[in-house]
Amino acid sequence: MATKTLHFPSPRHLHQLYAGREDNLAFIEKHLGVTLVTREDWLKIDGPDDAIARLETLFGFLNEARAQGVSIRTPDLTRFAETVARGEADQLRELFGKPLVIATNRKTIVPKTLGQKLYLQSIQKHPLVFGIGPAGTGKTYLAMAAAVSALLKNEVERIILTRPAVEAGETLGFLPGDLREKILPYLRPLYDAMNDMLDPEDVARLTEKGIIEIAPLAYMRGRTLSHSFIVLDEAQNTTPEQMMMFLTRLGEDSRMVVTGDVTQIDLPRSKQSGLLEVQRILREVPGIEFHQFSGADVVRHPLVLKIIEAYERYQNPITPAEDRDAN
């Protein structure tokens with residue numbers, strides 16, 4: 001048995017590395033075979049030499065994540081600890097080999113959670129990525145940031161942003177205004193995100209030239225989208241037929257990102273979501289990556305995560321038998 005003490009710049013710095021939760025330290029103790037005591041800005045470790053070395057490796061990765069702007073959440077920490085305990089630290093070295101920064105004209109975007117970083121890495125590596133998860137995880141925003149960055153680097157010639165126009169009890173034909181005015185409310189979130197990354201004048205100029213296209217999903221039918229970065233948002237509201245139509249638009253030197261939240265399907269009950277079906281059909285196809293976000297990746301107001309967790313408990317209640325088994 002040996003003892004070692006790690007020192008950190010401040011108590012706040014140390015607390016951020018284990019998400020400020022004592023039960024996270026207990027989790028680390030159990031999985032790495034050490035005993036931990038923390039006071040102020042130091043962490044004392046007791047255990048075998050090899051276990052202490054693994055603990056130092058773990059906190060080294062946690063510190064690297066913090067330095068790269070990632071906010072450590074409990075699911076991130078447990079994933080790190082389990083990875084190190086399995087002797088698979090090389091996976092984490094690859095993950096944090098270099099900072100991941102998405103540069104746009106108006107701001108520099110850095111992933112705030114481990115899930116966001118894995119998602120962005122998938123987008124960079126695969127021609128077709130599905131980002132699935134609850135609201136507030138940044139799945140659409142990060143996809144659009146990657147699209148803008150690819151355009152600015154001349155990796156693609158245009159950006160195409162689309163989403164299905166699912167009417168809430170009304171049809172477009174009965175809404176006031178011309179076609180643009182009718183579809184604008186459905187596309188407004190995409191415009192808002194785009195204006196966060198590019199100057200409004202640039203968005204207007206690039207849109208006028210057709211370099212940026214924001215349109216309803218129905219406009220994609222019959223087209224081949226080459227040399228483009230294509231983002232399909234709100235994909236949970238596509239039918240299976242619409243999903244297949246969209247995916248087969250992928251042309252030469254193009255990349256696609258499909259985002260959606262399967263808990264917010266607005267289709268009539270008689271229609272199945274194309275996003276649910278496509279996961280069963282394409283899960284094993286090489287070159288296609290499915291990234292699943294969780295409530296831990298929510299980067300909005302802290303109450304949003306609590307709301308999501310409460311809904312999950314309500315929709316998936318634990319039976320008395322399951323509760324006894326867990327204990």
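Here we summarise the structure given alongside this text. Counting of residues starts from 1 at the beginning of each chain's written sequence and follows it residue by residue. The predicted origin of the model limits local features to residues at a pLDDT of at least 70 and limits the giving and counting of side-chain atom pairs to 80 or more, whereas totals for whole chains, interfaces and linings rest on all residues. The basis for every side-chain value is the complete set of heavy atoms in the structure, and neither hydrogens nor water enter the calculation.

1. What to know about the packing of aromatic side chains
Pairing of aromatic side chains requires ring centres within 6.5 Å, counting the rings of Phe and Tyr and the six-membered ring of Trp. Pairs whose planes differ by under 30 degrees are stacked, by over 60 edge-to-face, and all others tilted. Counted by the stated rule, this structure contains three aromatic pairs. For the pair phenylalanine 8 and phenylalanine 59, a centre-to-centre distance of 6.1 Å together with 50° between the ring planes defines the contact as tilted. On the criterion of sequence distance, the pair formed by phenylalanine 8 in the loop between β1 (2-7) and α1 (11-17) and phenylalanine 59 in helix α3 (residues 49-67) is long-range, its members being 51 residues apart. Aromatic side chains tyrosine 119 and phenylalanine 293 sit 4.8 Å apart centroid to centroid with 70° between the ring planes, which places their arrangement in the edge-to-face category. The helix count covers DSSP runs of H or I at least four residues long, the strand count covers runs of E at least two residues long, and both are numbered beginning at the N terminus.

2. Here's the deal with the sheet that holds strand β7 (residues 158-163)
The sheet built from six strands is open, its strands ordered β8-β7-β9-β10-β6-β11 with parallel pairing. Each having just a single partner strand, β8 (212-216) and β11 (288-292) make up the two edges of the open sheet. Strand after strand, the sheet turns through a mean of 15° between neighbouring axes, direction not considered. Bridge count for β7 against β8 is five bridges, and the pairing is parallel. Note that in β8 the partner of threonine 162 across the bridge is alanine 215. Contact between two residues is taken to exist if any of their heavy atoms lie within 4.5 Å; hydrogens are not considered. Axis definition: a line fitted to C-alpha atoms, limited for helices to the stretch in contact. Angles are taken between N-to-C directions and run from 0 to 180 degrees. Contacting β6 (128-132), β9 (228-232), β10 (255-260) and β11, helix α6 (residues 114-125) runs over the sheet at an angle of about 150° to β10. Any two strands between which DSSP finds at least two bridges are classified as paired.

3. So, the sheet that holds strand β2 (residues 35-39)
Across the sheet, three strands lie side by side as β1-β3-β2; this open sheet has antiparallel pairing. Here the strands that pair on one side only, and so sit at the sheet edges, are β1 and β2. Taken pair by pair, the neighbouring strands of this sheet meet at an average axis angle of 15°, ignoring direction. Relative to strand β3 (residues 42-47), β2 runs antiparallel, the two being bridged by five bridges. The partner of leucine 36 across the bridge, within β3, is isoleucine 45. Across the face of the sheet, α3 comes into contact with β1, β2 and β3 while running at roughly 15° to β1.

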